[in-house]
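# Secondary and tertiary structure notes
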Amino acid sequence: MADTQKKPVKIVETILRDAHQSLLATRMSTEQMLPIIEKMDKVGYHSVECWGGATFDASLRFLKEDPWERLRKLKAGFKNTKLQMLFRGQNILGYNHYADDVVEYFVQKSIANGIDIIRIFDCLNDIRNLETAVKATNREKGHAQIALSYTLGDAYTLDYWKDIAKRIEDMGADSLCIKDMAGLLTPYAADELVHALKEGTSLPIDLHTHYTSGVASMTYLKAVEAGCDIIDCAMSPLALGTSQPATEVMVETFRGTPYDTGYDLSLLAEIAEYFRPIREEALASGLLNPKVLGVNIKTLQYQVPGGMLSNLVSQLKEAGQEDKYQDVLEEIPRVRKDFGEPPLVTPSSQIVGTQAVMNVISGERYKLVPKESKKIMMGEFGQTVKPFDPVVQRKIIGDAEPITCRPADLIEPELPKFEKECAQWKQQDEDVLSYALFPAVAKEFFQYREAQQTKIDQAAADKESKAYPV
Ligand code: CO
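Residues numbered from 1 in each chain as written. Predicted model: local features only at pLDDT ≥ 70, side-chain atom pairs only at ≥ 80, totals over all residues. Heavy atoms only, no water.

The residue Thr299 is located in helix H13 (residues 298-302) in this model. The buried category is assigned to Thr299, whose relative accessible area is 0%. Thr299 has contacts with Ala182, Gly183, Leu184, Thr212, Ser213, Val304 and Gly306, leaving out every residue within four places of it along the chain. (Helix = DSSP H or I, 4+ residues; strand = E, 2+ residues; numbered from the N terminus. Buried < 20%, exposed > 50% of the residue type's maximum accessible area, 1.4 Å probe, protein only. Contact = heavy atoms within 4.5 Å.)

Shown next as C-alpha cells:
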C-alpha cells in the first residue's frame, strides 16, 4: 500500500451496547443515554451500536423499559449517525431457533424503527442460519453485516476463513465482521487473517474484539495496517477489560497517518466526561467489578471466553466441587472436539461448558447429558465445521436420526400463535416480537406498563377534580 494514500479507519462506537453489556451487566438506561447523543452524533462515527444483543432482554426484564421505545428515541437524536444492532441469526435475540416469519418480521420492525446496520451471526458459523435474516435485511434496504465467530482449532485455517468470506459475499452481505468475542486474536494473527480475508472477498472488513486478554489495541493496529476497514471501540470510561479498546486511544493512534479518522479529540473528551460518573457510580455500587477490568490471561491459555470461566466457577461452587476447576478447564477442549469444534459463543459456550462440568463431576464422560447437548448432537443448532465424534453422538442420542437440513426448515410459522397469545396486552405491532422472544418477561412488562398507565390516568383525574370542585 502506498503510504500517501489516505484510508481513514472507520469506528463503530459500542458504548451504548457491547461496552455496557460487557462491563455493567447491560444496565445502562435510555435516560442515561439521551443527554449525550446530540454530541455523539457530531463525532462522525461509522455507526453507533446501540441495540440488540442482551440490551433487549435487559430493558424489559430489569429496567422496565420498552426496547422499541428506546430505539425510536435514539433514532430521533442520532440524525446523522447510522444505528447498528447485534442479531443472533435464527435465534434473533433469544436462545432458540425461531420460524422464518418471526425472523423476517423482527428485521422489518428493527429497520422501520431506526436500525441501519444489522450485524448477524451464528454460534456455529453455519451460514444457513443467517440466510433468512440477511435476505430480510436486503429486502428492507438495511445494511446486512455478517459476523463470523472467531475461534482457534484445527479446522480454522486461513483457507477456512477465506472460503467462508467468499460464501458470505455470495449470500448478499454488505460487509463482513470478525467477531472475536473472547479476545483470542493476537496482533500478528490479525495481520494474516485480514490479508487472507481480503483475498477471499472485496467486502469491507470490520474487526470486533474484546480487551479481555490485553492484546486488543495492538490487534487493531496490525489489522488496520493489513487493510481492515472498520474497528469497534468504546469511549474510555467503559473501555478495556472485558469491553473494547478505547475510542480516543485508537483515534490518537492513527492521528497523522493515512488511517487518520479526523475525529475531534476535544469533542471526544467532552463525551468521555459525560460517561465518567456512570463508571464511578457503577464501581461504587459494585455493578462494575474491578476484576473484569484486568487482563485475563486464562482466556489465551484455554481459549475460553471470560464470561464462560466465571460461569464454570459458579456451576462448580453449586455442586460443592470447586477443586475440580482445573479438570474442567482441561475437559472443555475435549468436549469441544467431540461436538465438532464449534466456536465458543452464546449459546454454544454454555452447552460445551455445562457438558464439561457434568463430565467431570459425574466421574464418567457423557453419563449426564443436558437437553441442549442432545439438541446439538441431533443437528438442531445446525452444522459444525467438523463432524461430531460418532461414538459420543451415539452415546448421547442413541438410535435417533439426526437432522441435516437447515433447522428452521422444520419450524412452522409462529407469528399467528404469538399474536393470539399476547393480544390482550398489545399496544403496538412490535409487542408481539417482544412476546415471541421473551414470553414471561414481556408479559410481566406489559402488566407493569398497564399499571403505570392506570396510575397516570388516575393522577390526571384527581388533578382535574381538584381544579373544578363541584
Ligand atoms: Co462483543
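After presenting the structure, the write-up continues.
Within the first shell, the cobalt ion binds the protein through Asp18 (OD), His208 (NE2) and His210 (NE2), at distances of 2.0 to 2.1 Å. Counting along the primary sequence, the residues that act as donors to the cobalt ion give the motif D-x189-H-x1-H. Pair noted here: Asp18 is in helix H1 (residues 18-23) and His210 is in the loop between strand E7 (205-209) and helix H10 (216-225), with a separation of 192 residues, a long-range link. The class for Asp18 is buried, based on a relative accessible area of 4%. With a relative accessible area of 8%, His210 lands in the buried category. (Donors = N, O, S within 2.8 Å, 3.2 Å for Na, K, Ca; no water.)

Turning to the nonpolar core, a few remarks are in order. By size, the foremost hydrophobic cluster in this structure holds 107 residues, and its most contacted members are Leu16, Met40, Phe87, Phe106 and Ile231. Sort the elements by how many residues they give to this core and helix H12 (residues 265-285) lands first, with 7 residues. In this structure, Met308, Val357, Val360 and Ile396 belong to the second largest nonpolar core, which totals 35 residues. (Core = buried A, V, L, I, M, F, W, Y, C linked by side-chain atoms within 4.5 Å.)

Once that is clear, we can look at a negative patch on the surface. Residues Glu322, Asp323, Asp327 and Glu330 make up a contiguous surface patch of negative charge. As for its placement among the helices and strands, Asp323 is situated in the loop between helix H14 (306-318) and helix H15 (325-338). A relative accessible area of 63% places Asp323 in the exposed class. (Patch = residues over 30% accessible without salt bridge, like charges linked within 9 Å, V, L, I, M, F, W, Y side chains within 5 Å. Areas by Shrake-Rupley, 256 points an atom, 1.4 Å probe, with all protein chains shown as cover. Salt bridge = Lys/Arg side-chain N within 4 Å of Asp/Glu carboxyl O. Lys, Arg positive; Asp, Glu negative; His and termini not counted. Charge placed at Lys NZ, Arg CZ, Asp CG, Glu CD.)

A few words now on H15. When the terminal C-alpha atoms of H15 are compared, their 20 Å separation across 14 residues agrees well with the 20 Å that a helix rising 1.5 Å per residue should span. Buried residues of H15: Tyr325, Val328, Leu329, Glu331, Ile332, Val335, Arg336 and Asp338, and no others. Looking at the buried side of H15, the elements it contacts are H13, H14, helix H16 (348-362), helix H17 (371-377) and helix H18 (390-397). Gly340 sits one or two residues past H15 and shows a positive phi near 85°. (Expected span 1.5 Å × (residues − 1).)

This part covers the environment of Ile231. Turning to its location among the elements, Ile231 is positioned in strand E8 (residues 230-233). Each C-alpha atom of the pair Ile231 and Gly153 lies 24 Å from the other, and the pair is 78 residues apart in sequence. Those residues in contact with Ile231 that lie beyond four places of it in its chain are Val9, Lys10, Ile11, Val12, Asp206, Leu207, Tyr220, Val224, Met250 and Phe254.

Attention now moves to the packing of aromatic side chains. Summed over the entire model, instances satisfying the criterion amount to 18 aromatic pairs. The ring of Phe62 has Arg27 lying over it, and the distance from NZ or CZ to the ring centre is 3.7 Å. The ring of Phe121 has Lys179 lying over it, and the distance from NZ or CZ to the ring centre is 4.6 Å. (Phe/Tyr/Trp six-rings, centres within 6.5 Å; stacked < 30°, edge-to-face > 60°. Lys NZ or Arg CZ within 6 Å of the ring centre and 35° of its normal.)

This next bit is on the pattern of salt bridges. Counted according to the given criterion, the structure contains 37 salt bridges. Notably, a salt bridge pairs Lys75 with Asp116, separated by 3.3 Å at the nearest N-O pair. Taken together, the positions of Lys75 in helix H5 (residues 67-77) and Asp116 in the loop between helix H6 (100-112) and strand E4 (117-121) put the pair 41 residues apart, joining distant regions of the chain. Among the salt bridges present, the one from Glu331 reaches Arg365, with a minimum N-O distance of 2.9 Å. Taken as a pair, Glu331 in helix H15 and Arg365 in the loop between H16 and H17 lie far apart in primary sequence, 34 residues in all. Its relative accessible area of 34% is what places Arg365 among the partly exposed residues. Connected through shared salt-bridge partners, Asp154, Lys337, Glu341 and Lys386 make up one network.

Further remarks concern unusual backbone geometry. With an omega of 0°, the peptide bond between Thr346 and Pro347 qualifies as cis. With respect to the helices and strands, the residue Pro347 is situated in the loop between H15 and H16. Even without being glycine, Ile92 reaches a positive phi, approximately 55°. Tracing the sequence through the fold places Ile92 in the loop between strand E3 (83-87) and H6. Within the chain, Gln303 stands out as a residue other than glycine whose phi angle is a positive 55°.

When you tally the buried positions in E3, you get 5 out of 5 residues, the bulk of the element. Of the two faces of E3, the one holding Leu83, Met85 and Phe87 and the one holding Gln84 and Leu86 are both buried throughout. Note: strand E2 (residues 47-52) against E3, 4 bridges, orientation parallel. What sits directly across from Glu49, in E3, is Gln84. Following the backbone out of E3, through H6 and into the adjacent parallel E4, one traces a crossover that is right-handed. (Pairing = 2+ DSSP bridges. Right-handed = clockwise from strand over helix to strand, strands pointing away.)

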